[in-house]
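Chain by chain, the residues:
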Amino acid sequence: MVERRRTERLDQPRESRVKLPRFDPEAFGRWSEGIARGMGTANFIVYMTVVIAAWFLWNTLAPPHLRFDPYTFTFLTLILSLQASYAAPLILLAQNRQADRDRVALEEDRRRATMQKADTEYLAREIAALRVAMGEVATRDFLRSELARLAEELDEAAHRRQRLERRQQKRTSHRSAGSDPLDEPRDDLDGDYARDGRPEG
């Protein structure tokens, strides 16, 4: 006896000699959820109402020697109390499991929302960097407007050149005919001529 006390460790709990039956909590939880789900349907209420009504009718209208639960229905009260005492913990267990699932789903949603927010902020920074980098690059609209402006300037220069050629032809035709050219008023487009009437080189 003394040797047994010496071998026992005081810093460890004593092993229980009573072996309780073990069960799978997950299987029991699924079973409780199934019962709670079944008790929360209209079928259960209808069936329970039918059974209680049949119980009342049998124990009221049947012959006295066949009645198993006479008036005051003590046995029915005991059964309904037993049902309520088991139904409440089963429903609470099902609610706890559903709350655990909801918490896990909420944490997953929060994690995904955080990742999406981080991705959105990253994309926003990248787009801002691209806009800054593209600020000095000529865009398609800018090139089109510049080309259109250059085309208009070339058209104006071609019109001025044509007017200049026509006037030169008139001058040469007047000189070949032996008459002096008439003085014509000049506008701003005739700036290609010098003051002496000859075209600028």
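Anyway, here's the lowdown on the structure attached to this text. Along each chain, the written sequence defines residue order, and numbers are assigned to residues from 1. In keeping with the predicted nature of the model, local features appear solely for residues at pLDDT of at least 70, side-chain atom pairs appear and are counted solely at 80 or more, and the whole-chain, interface and lining totals rest on all residues. Derived side-chain values reflect all non-hydrogen atoms in the structure, with water molecules and hydrogen atoms excluded from consideration.

A few points about a nonpolar patch on the surface
Put simply, a patch holds well-exposed residues, over 30% relative accessible area, that have no salt bridge, with like charges counted together within 9 Å and Val, Leu, Ile, Met, Phe, Trp or Tyr side chains within 5 Å. Surface accessibility follows the Shrake-Rupley procedure with a 1.4 Å probe radius. Residue values consider only the protein chains on display as shielding. Here, a salt bridge means any side-chain nitrogen of Lys or Arg that lies within 4 Å of a carboxyl oxygen of Asp or Glu. There is a patch of nonpolar side chains on the surface, built from W58, L66, F68, F75, L78 and I79 and spanning about 590 Å² of accessible area. The helix and strand labels rest on DSSP assignments: H or I over at least four residues marks a helix, E over at least two residues marks a strand, and numbering proceeds from the N terminus. A per-element tally of the nonpolar patch places helix α4 (residues 74–133) first, with three residues. Summarising the element assignment, L66 is placed in the loop between α3 (42–61) and α4.

A word on the pattern of salt bridges
Taken as a whole and assessed by the stated rule, the structure comprises nine salt bridges. The partner of R111 in a salt bridge is E108, and the shortest N-O contact between them spans 2.4 Å. Linking R111 with E108, this pair stays in helix α4, spanning three residues, or about one helical turn. According to the relative accessible area criterion, R111 is partly exposed, its value standing at 42%. Any residue under 20% of the maximum accessible area for its type is buried, any over 50% is exposed, and the rest in between are partly exposed; the area is computed with a 1.4 Å probe on protein chains only. Take E108: its relative accessible area is 28%, and that puts it in the partly exposed class. Connected through shared salt-bridge partners, E26, R30, E33, R97 and R101 make up one network.

From the geometry alone we can't say anything about function, so treat these as descriptive.
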